[in-house]
Amino acid sequence: MIDVLSMTLTEAEDFAQSLGEKRFRGRQLFSWLNKRLATSFDECSDIPKQLREELSKRAFISLPREIRQTSGELRAKKYLLEFEKDIIIECVLMTADYGATLCVSTQAGCRMGCAFCASTLGGLRRSLRAGEISAQVYFAVRESASPVTNIVLMGCGEPFDNYDNVVKFLDIINCKEGLGIGRRQITVSTCGVAPRIIDFARLGAGYGLAVSLHAPDDELRRTLMPVAKAYPLRELMNACDVYTDLTRRRITYEYALIEGVNDSDACANALGKLLRRRLAHVNLMFLNRVDEHALAPSHKARARDFIDILKSYRIEATLRKSLGGDIGAACGQLRAAVRH
């Protein structure tokens, strides 16, 4: 059985042709699934009944089952979804005056092992198919009865650990025969998989990039993020330079302020020296608490001092207001398993 929701437009046309149909039938199918958000082949009313029956025999549509929905303050809503047994993810819809942003997951669980993150606690179950990533968007649109205007790939999992499926998802979600969400409205976040940052830059597609940095030197970063052992800062920053050189787009560097760990003046100065003269924006946030970890967020006064130091290096930095913390939906709090 073929997951038709994981097909790009060209693949859908090829699939229709393989069934002895004209290629335009594939375009019709793609539009029904990715624009009209059909949940069954029977809904595809302008596709002949005989073809719909053949599709039901050969293919399926990735449809998640909602396990739980949690609403919080500041118009944040978290969905706990299951695609198949034990393939459980969370995604978060955040609504603001300028539109709705959906934070999607790219894996069920995560193997990156960051010291402050809940997604990695149970390890990695498996990577999601492109259609399973798209299905989160379509579920949120159907459930909220309103469009999703922005997408961030910052949920469960490391997007660049599932690179091929993520790139295919971007192709599908950006396609004008589907929802056509603009490339500048989509941001991919990575904990620092340097070779894939270069691959991503070479796509020349113009999607946004966010890099989870969280430390200004290798020694500290290795204690917080095991990925730093494979890709030290020199290699990571070289990859980031390739991205900015090829795309001319600024990178957002995510930095969670952890009390007594990475929030000192020395850390701020080291970060300033690392990023000065680079096309960079530092997105500071207070660490979001995870029950299993003893780490604590910095104080507001410390954050203000940290920003002032970065500005002395002429680095633009903002302190992000965390959304969804009251429902375990903020950065680092998403989980890939049901907790009983």
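Along every chain, residues carry numbers that run from 1 in the direction the sequence is written. Selection of residues for local features in this predicted model requires a pLDDT of at least 70, selection of side-chain atom pairs for listing and counting requires 80 or more, and totals for whole chains, interfaces and linings are taken over all residues. Each side-chain value is worked out from all heavy atoms of the structure, with water and hydrogens disregarded.

Topic: the pattern of salt bridges
Phase 1: Whenever a carboxyl oxygen of Asp or Glu lies within 4 Å of a side-chain nitrogen of Lys or Arg, that contact is scored as a salt bridge. Applying the stated criterion across every chain, the model contains 20 salt bridges.
Phase 2: Residues joined by salt bridges that share partners form a network here, namely Asp3, Glu84, Arg126, Arg129 and Glu132.

A short note on the confidence of the model for the protein chain
Phase 1: Scored from 0 to 100, pLDDT reflects the predictor's confidence in each residue. For the protein chain, the mean per-residue pLDDT works out to 92, and 92% of the residues sit at or above 70.
Phase 2: Every residue pair with non-hydrogen atoms within 4.5 Å of one another is taken to be in contact. Note that residues 323-330 has pLDDT below 50 and, in this model, 27 contacts with residues that lie over four places away or in other chains.

A word on the sheet that holds strand β11 (residues 208-212)
Phase 1: One requirement defines pairing of two strands: DSSP has to find at least two bridges between them. Counting from the N terminus, the helices are DSSP H or I runs at least four residues long and the strands are E runs at least two residues long. Read from one edge of the open sheet, 10 strands run β3-β4-β5-β6-β9-β10-β11-β12-β13-β14, paired in mixed fashion. Across the chains shown, the open sheet's two edge strands, defined by having one partner strand only, are β3 (65-71) and β14 (316-319). Between one strand axis and the next, the sheet turns by 20 degrees as a mean value, whatever way the strands run.
Phase 2: Looking at chain direction, strand β6 (residues 99-103) and strand β9 (residues 150-153) are connected through three bridges and run parallel. Along β9, the bridge assignment pairs Thr101 with Asn150. As a rule, the C-alpha atoms of each element are fitted with a line to give its axis, helices using only the stretch in contact, and angles between N-to-C directions run from 0 to 180 degrees.

Things to note about helix α2 (residues 23-34)
Phase 1: Take the number of residues in a helix, subtract one, and multiply by 1.5 Å to get its expected span. Between its first and last C-alpha, α2 extends 17 Å over 12 residues, near the 16 Å set by a 1.5 Å rise per residue.
Phase 2: Note on classification: 1.4 Å probe, protein chains only; a residue is buried when its accessible area is under 20% of the maximum for its type, exposed when over 50%, partly exposed between these limits. Here α2 lies mainly inside the structure; nine of its 12 residues are buried.
Phase 3: Looking at the buried side of α2, the elements it contacts are α1 (9-18), α3 (49-58), α4 (130-144) and α5 (163-174).

Observations concerning the pairing of strand β13 (residues 280-286)
Phase 1: Along β13, six of the seven residues are buried, which leaves the element largely enclosed by surrounding structure.
Phase 2: Relative to β13, strand β12 (residues 251-257) runs parallel, the two sharing seven bridges. Note on β13: the bridge partner recorded for Ala256 is Met285.
Phase 3: With four bridges joining them, β13 and β14 adopt parallel strand pairing. Residue pairing in the sheet places Asn283 in a bridge with Thr318 of β14.

Some words on the side chain of Ser298
Phase 1: As for its placement among the helices and strands, Ser298 is situated in the loop between β13 and α11 (300-312).
Phase 2: We classify Ser298 as buried; its relative accessible area is 7%.
Phase 3: Only 3.5 Å separates the side chain of Ser298 from the backbone nitrogen of Ile258, close enough to count as a polar contact.
Phase 4: Every residue in contact with Ser298, bar those within four places of it in the chain, is listed here: Leu257, Ile258, Glu259, Asp263 and Phe286. Polar contact criterion, stated in full: a pair of N or O atoms within 3.5 Å, where within protein one must be able to donate a hydrogen and the other to accept it, and residues adjacent in sequence count only if both atoms are side-chain atoms.

Comments concerning the side chain of Asn174
Phase 1: Residue position: Asn174 is located in helix α5.
Phase 2: One polar contact links Asn174 to Arg183, side chain to side chain, over a distance of 3.2 Å.

Comments concerning the packing of α4 against α5
Phase 1: The geometry of α4 relative to α5 is characterised by a closest axis approach of 8 Å and an angle of 45 degrees between their N-to-C directions. Considering the angle they form, α4 stands oblique to α5. Read as a crossing pair, α4 and α5 show a hand that is right-handed. For the pair α4 and α5, the contacting residues are Ala130, Ile133, Ser134, Val137 and Tyr138 in the first and Asn165, Val166, Lys168, Phe169, Ile172 and Ile173 in the second.
Phase 2: Of the residues that constitute the contact of α4 with α5, the class distribution is eight nonpolar, two polar and one charged. Under this scheme an angle from 65 to 115 degrees is roughly perpendicular, one under 35 degrees roughly parallel, and one over 145 degrees roughly antiparallel; angles in between are oblique. A crossing counts as left-handed when the near helix is turned anticlockwise from the far one by less than a right angle, and as right-handed when that turn is clockwise. In this count, Pro and Cys sit with the nonpolar residues alongside Ala, Val, Leu, Ile, Met, Phe, Trp and Tyr, while Asp, Glu, Lys and Arg are called charged and the others, Gly among them, polar.

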